[in-house]
Amino acid sequence: MKKAKNILFIMFDQLRWDYLSCYGHKTLSTPNIDRLASMGVRFDRAFIQSPICGSSRMSFYTGRYVHSHGASWNGIPLKVGEMTMGDHLRKAGMGCYLVGKTHMRADVEGMARLGLEPDSIIGARVSECGFDVYERDDGLLPEGPDGPYDPDGAKEYNKWLKEKGYESDNPWHDFANSGLDDDGNVQSGWFLKNSIEPANIAEEHSETPYLTGRGMDFMADQDGPWCMHLSYIKPHWPYIVPEPYASMYGPEDVQPVVRSDSERQSAHPIFKAFMDTKIGEAFSRQDVREAVIPAYMGLIKQADDQMGRLFQWLEDTGRIEDTMIVLTSDHGDFLGDHWMGEKTFFHDASIRIPLIIYDPSEAADATRGTVCDTLVESIDLVPTFLEVAGGEPAGHILEGESLMPILHGERSATERDYVICEYDFSATPVAHLADLSVRDAVMFMVADKRWKLIHFEGGHRPMLFDKESDPDELNDLGLSAEHEEVIDAMYARLFEWTRRQSQRTTRSESQLVEMRTKSRKRGVVLGVYDENDTQLELTVKYRGRKARPYKDYLKDS
């Protein structure tokens, strides 16, 4: 019988859910990813836990909400002691490896406090979000007056490019992420006007093919069981792509922008602060969208072609028979929708993600090619993987649900009634420009299939969207007196979520049930007036005992 022995966990960075043809894009065809969907289950309502790379990924990797794991923004470390995907899977006998990006920062102070050496096995795993690293590549090596953003960004990739003959102190920038004019001047991909230029690199040497090759190198060396996180850098900015993809799409392929003048004119003050950022202003311009989005589409088309290369390799090597394939994204990209760029708010363009799962098991045959519209969260993947590995459920730590019953046709829905997303923007320019305290620069979203409520700290009113009558989320009902009952009901759900027990991770539910009566047999007798008022076995150690009066001891001394 076919059975999933290994897990290939593919994540793209900043890939919008609706920029795949199987999710309905009208001008961008992604046949290889579509084929994967035809082999497995495509989840239509999958949501992340935070609209920013680092904290979103930490929820994927821990199976816990941001409020629980605490890594609430890029560069905020996952604290020492937080259980990760790797910890759970290794306990179940499955290795857990990384090829590509995590955006994780080590808790250096915590490691030093506990005496964990970074070059020890446990120290290395704590430093790398629980993964055993085959090759880490967070993919960003920008440089400014204060130095590089990430000194280790594109480290091995840059070394490889130099070996290929790309002469530069930073070929990641000068070749993979920039164009070239007729006079040999580098046209930096950081400047959005250069998105129309082809990246000055052979397509097979660009980042997405490179990481695909590294992923295949890893799998070729493994017997299993293993989970490999193949974490791509693109289609995240800089928005620039090599030929032939640079010429595949033009302004005519750009789908209509989703926004309205009234949306901007009546915007919630915090939402308006995000609109008014430099990138929000840039993507509000049509010329920017027409330069950037064709390149973004080209990056996705290249990614799909690389999926074809990868899936063919899996078939040729026979690994398609014993490897679960999971394909998703850490968040989306506004691309000018709602007068926004980037991803840092709670519209579906940002927080709704593609999620496709192929399970080779015969038990999954009944659900192949189906679409599931139940509410799914990124925290569901760790419990799913743990079940594949044959591990014991860890419900006192993991806050998501295994999707295996859905994949095997045993259930059609998860048990949740709503999804949660959080954003701590206290370290961002928006908080600075809006003069918000660290405490107030936080917002939460709670949503079901119809309603989406956004709560802001600092005394601001909420935002509310009716996804049934307003699927594009253009009409904010947060001030509507007619919707006060809906707002109250959604707040009740948010309050219910905040009351969950998420920090008691050192005892399981079964251990807690056992502890209810355990102390009674260890000599603790409370509320008993007479020894005959309780069971004999509980007081046997206190019956028939003899002792001399203490005064006799005083005389003897």
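The rules behind these values
- Per chain, residue numbering runs from 1 following the sequence as it is written.
- Owing to the predicted nature of the model, reporting of local features is limited to residues with pLDDT of at least 70; listing and counting of side-chain atom pairs is limited to 80 or more, with chain, interface and lining totals taken over all residues.
- Each side-chain value is worked out from all heavy atoms of the structure, with water and hydrogens disregarded.
- Lines are fitted to the C-alpha atoms to define the axes, a helix being fitted only along its stretch in contact, and any angle between axes, read from their N-to-C directions, falls within 0 to 180 degrees.
- Numbering of helices and strands runs from the N terminus; a helix is a DSSP stretch of H or I covering at least four residues, while a strand is a stretch of E covering at least two.
- An angle below 35 degrees is treated as roughly parallel, one above 145 as roughly antiparallel, one from 65 to 115 as roughly perpendicular, and anything else as oblique.
- Crossings are sorted by hand: turned counterclockwise from the far helix by less than a right angle, the near helix makes the crossing left-handed, and turned clockwise it makes it right-handed.
- What makes two residues a contact is simply this: any of their non-hydrogen atoms within 4.5 Å.
- Polar here means any residue other than Ala, Val, Leu, Ile, Met, Phe, Trp, Tyr, Cys and Pro, which are nonpolar, and Asp, Glu, Lys and Arg, which are charged; Gly is therefore polar.
- Two strands pair if DSSP finds at least two bridges between them.
- In plain words, nonpolar cores are sets of buried Ala, Val, Leu, Ile, Met, Phe, Trp, Tyr and Cys residues tied together by side-chain atoms within 4.5 Å.
- Per-residue accessibility, obtained with a 1.4 Å probe over protein chains only, is compared with the maximum for each type, and a residue is labelled buried under 20%, exposed over 50%, and partly exposed between these values.
- To pair, rings of Phe, Tyr and Trp, with the six-membered ring standing in for Trp, must have centres within 6.5 Å; the planes then decide the type, stacked if under 30 degrees apart, edge-to-face if over 60, and tilted in the middle.
- We call a charge positioned over a ring when the NZ of a Lys or the CZ of an Arg lies within 6 Å of the ring centre and within 35 degrees of the ring normal.
- Note: the arc covers the axis-to-C-beta directions of the helix.

Novice: What's the story with the packing of helix α9 (residues 207–220) against helix α13 (residues 286–317) in this structure? I'm lost.
Specialist: In helix packing, the relevant descriptors are the interaxial angle and the interaxial distance, both defined with respect to the helix axes. α13 packs onto α9 with a crossing angle of 15 degrees between their chain directions and a minimal axis gap of 10 Å. As the angle between them shows, α9 and α13 are arranged roughly parallel. The crossing of α9 and α13 is right-handed. Contact residues: α9 offers Thr-208, Pro-209, Thr-212, Gly-213, Met-216, Met-219 and Ala-220, while α13 offers Gln-302, Ala-303, Gln-306, Arg-309, Leu-310, Trp-313 and Leu-314. When its residues are assigned to classes, the contact of α9 with α13 shows 8 nonpolar, 5 polar and 1 charged.

Novice: Can you help me understand the sheet that holds strand β17 (residues 463–466) in this one?
Specialist: Whenever strands of a sheet pair, they do so through backbone hydrogen bonds, lying parallel or antiparallel. The 4 strands lie next to each other as β14-β15-β16-β17, forming an open sheet whose pairing is antiparallel. The outermost strands of the open sheet, each flanked by one partner alone, are β14 (419–424) and β17. Ignoring which end each strand starts from, the neighbouring axes of this sheet average 10 degrees apart. For β14 and strand β15 (residues 442–447), the ladder comprises 6 bridges, and the chain directions are antiparallel. By the bridge assignment for β15, Asp-424 is matched with Val-442. Where helix α18 (residues 484–498) meets the sheet, it contacts β14, β15, β16 (451–456) and β17, and its direction lies at approximately 70 degrees from that of β16.

Novice: Hey, could you run me through the nonpolar core in this one?
Specialist: The nonpolar side chains of soluble globular proteins are, as a tendency, buried together. Phe-9, Phe-43, Met-85 and Phe-345 are the most contacted members of the largest nonpolar core, which totals 70 residues. Core analysis: the second largest hydrophobic core is formed by 59 residues, Val-254, Val-292, Ile-293 and Ile-325 among them.

Novice: Help me out: how do you make sense of the packing of aromatic side chains in this one?
Specialist: Each aromatic ring pair is described using two quantities: the centre-to-centre distance and the angle formed by the ring planes. What the rule picks out here adds up to 26 aromatic pairs. Every member of this aromatic cluster is reached through a ring pair, and the members are Phe-271, Phe-274, Phe-345, Phe-346, Tyr-423, Phe-425 and Phe-456. Just above the ring of Tyr-23 sits the side chain of Arg-42; from NZ or CZ to the centre is 4.7 Å. One Lys or Arg, Arg-500, reaches over the ring of Trp-497 and ends 4.1 Å from the middle of that ring.

Novice: I would appreciate a short explanation of helix α7 (residues 155–163) in the present structure.
Specialist: Spacing of three or four residues puts side chains on the same side of an α-helix, whose turn is 3.6 residues. All of the buried residues along α7 are Tyr-157, Asn-158 and Leu-161. For α7, the angular spread of buried residues about the axis comes to 100 degrees, placing them on one side. Residues of α7 that are buried sit in contact with β4 (132–136), α8 (171–176) and α9. Immediately beyond the C-terminal end of α7, within one or two residues, lies Gly-165, with a positive phi of roughly 105 degrees.

Novice: What is the right way to read the pairing of strand β2 (residues 41–47) from this model?
Specialist: Among the 7 residues of β2, 5 are classified as buried, and the element is accordingly described as predominantly covered. Relative to strand β11 (residues 352–358), β2 is paired through 5 bridges, and the arrangement is antiparallel. Following the sheet pairing, Ala-46 is matched in β11 by Ile-353. Pairing between β2 and strand β12 (residues 370–372): 3 bridges, direction parallel. The partner of Phe-43 across the bridge, within β12, is Cys-372. With 2 bridges joining them, β2 and strand β13 (residues 376–377) adopt parallel strand pairing.

Novice: How do you make sense of unusual backbone geometry when you look at a structure like this?
Specialist: Note: most residues except glycine have negative phi, and most peptide bonds are trans. Cis geometry is found at the peptide bond from Lys-234 to Pro-235, where omega equals 10 degrees. The step from Glu-243 to Pro-244 runs through a cis peptide bond, and the omega angle for that step is 10 degrees. The backbone of His-338 shows a phi angle near 60 degrees, a positive value even though the residue is not glycine. As for its position among the elements, His-338 is in the loop between β10 (323–329) and α14 (348–351). Residue classification places His-338 among the buried residues on the basis of a relative accessible area of 3%. Even without glycine at this site, Glu-342 takes up a positive phi of about 65 degrees.

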